[in-house]
Structures are given as C-alpha cells and as structure tokens.
Amino acid sequence: MVEIADNFVMGCSPVFREGSANYRSLKLAAFDAPLIEDVPLVKQKEFFSVGMYPKEAVHEFLITPDCELPINYKLDISHFFVGQFLDVRGISIDRGFQGVMRRWGYKGQGFGRTKTHRRPGSISTKRAGQGSKRVKNSPDIWAIGRASQNL
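The notes below deal with the structure included here. (Residues numbered from 1 in each chain as written. Predicted model: local features only at pLDDT ≥ 70, side-chain atom pairs only at ≥ 80, totals over all residues. Heavy atoms only, no water.)

**Side note on a nonpolar patch on the surface**
Together, Ile4, Ile77 and Phe80 give the surface a local cluster of nonpolar side chains, amounting to about 260 Å² of exposed area. Within the fold, isoleucine 4 resides in the segment before strand S1 (7–14). Overall, isoleucine 4 belongs to the partly exposed group, its relative accessible area being 46%. (Patch = residues over 30% accessible without salt bridge, like charges linked within 9 Å, V, L, I, M, F, W, Y side chains within 5 Å. Areas by Shrake-Rupley, 256 points an atom, 1.4 Å probe, with all protein chains shown as cover. Salt bridge = Lys/Arg side-chain N within 4 Å of Asp/Glu carboxyl O. Helix = DSSP H or I, 4+ residues; strand = E, 2+ residues; numbered from the N terminus. Buried < 20%, exposed > 50% of the residue type's maximum accessible area, 1.4 Å probe, protein only.)

**So, the pattern of salt bridges**
Applying the stated criterion to the full structure yields four salt bridges. In this structure, arginine 24 and glutamate 68 form a salt bridge, with 2.8 Å as the shortest nitrogen-oxygen distance. Of this pair, arginine 24 sits in strand S2 (residues 24–32) while glutamate 68 sits in the loop between strand S3 (55–63) and strand S4 (74–75), and the two are 44 residues apart along the sequence. Classification of glutamate 68 as partly exposed rests on a relative accessible area of 38%. Note that lysine 55 and aspartate 32 form a salt bridge whose closest N and O atoms lie 2.5 Å from each other. Of this pair, lysine 55 sits in strand S3 while aspartate 32 sits in strand S2, and the two are 23 residues apart along the sequence. Relative accessible area serves as the criterion here: at 11%, lysine 55 is assigned to the buried category. For aspartate 32, a relative accessible area of 48% puts it in the partly exposed group.

**Quick notes on the side chain of glutamine 44**
Its place among the elements puts glutamine 44 in helix H1 (residues 41–49). In this structure glutamine 44 touches Ile36, Val39 and Pro54, once residues within four positions along its chain are discounted. (Contact = heavy atoms within 4.5 Å.)

**Some details on the nonpolar core**
Soluble globular proteins tend to bury their nonpolar side chains together. With six residues, the main nonpolar core is built from Val9, Leu26, Leu28, Ile63, Leu69 and Leu75. Counting five residues, the second largest nonpolar core, distinct from the first, contains Met10, Ala29, Phe47 and Val50. (Core = buried A, V, L, I, M, F, W, Y, C linked by side-chain atoms within 4.5 Å.)

**Considering the environment of serine 148**
Of note, serine 148 is situated in strand S8 (residues 145–148). Separated by 61 residues in sequence, serine 148 and aspartate 87 have C-alpha atoms that sit 5.8 Å apart.

**Here we look at the environment of histidine 59**
Here histidine 59 shows up in strand S3. Judged by its relative accessible area of 37%, histidine 59 is partly exposed. For the pair histidine 59 and methionine 10, spaced 49 residues apart in sequence, the C-alpha separation works out to 9.7 Å. Contacts of histidine 59, omitting those with residues within four sequence positions, involve Leu26, Lys27, Leu28 and Arg89.

Here you go:
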C-alpha cells in the first residue's frame, strides 16, 4: 500500500541554463507544516504570496512548456494514467538496534564456542574504542531516504 500526498503547484519559471532553453521549472509543495513557527519567515512569505499554507517539502522539476500547470493546482494520483512510469522517493522503516547476524548476514560461529555464537568476532587491532573504519558493526538501522525508478 502506498500513500500519495497531495502536491500543490507553487509556481512555474523559465530555466536559464545552456542547452535547456525550451524547459521550464515547476515548483511543487507537499505536506502541511505542523507548526507555522518552525517555517522560516522568508518561506512563509513565499507561501502566503501564492495563497497557500506553508508546507514541509518543496521540490522543483524540469518540464516542457506544454506541461505547465496553474498556481495552487492540486496534483494527485488522478493526474497520472495507467501504464505510465514514475520515479518514487520515500523513507524506509526504522528498525532500531539489530545484531550483526540480522543486519549483515553473519553466519555465526560453529560448535564448541560459548557465549559467542551471535557476535561479530574481532573488529579492530587498534586501542580500545578505536574501531577500524567500514567495520560491519551493529548500530541502529535508521529510517533513510530511498528511491526507485521506472515503477
């Protein structure tokens, strides 16, 4: 199941870059800001100038002139048609602290070991507290941004 937030058009402006003279920039905003005090005054003025409540996320996209949309236009799932490919971005699920067997797929140690079956083994030859870089330890598996293309 996928939740698709309503995106609103904040504006459209020409792009002045070499090789992209026929393109324009469409600015979309999504997710109402929970506290208006957290939004900087410059951003508040920008939102209120187009008659919109401040949003959390604002992104710009290159479009062709024939795809221009009016300000405050609600861009939702009905804008797209069946069979169209989309690039999707989202945030993964926070899984908290995980051990090395689950996070990195360590197999564990064999028979004859006591209390070290699920431990990573040696992680450094340096002094205590100075582990080597890129060692597969087991801290939190955080919620991070992910992207999928051509869905």
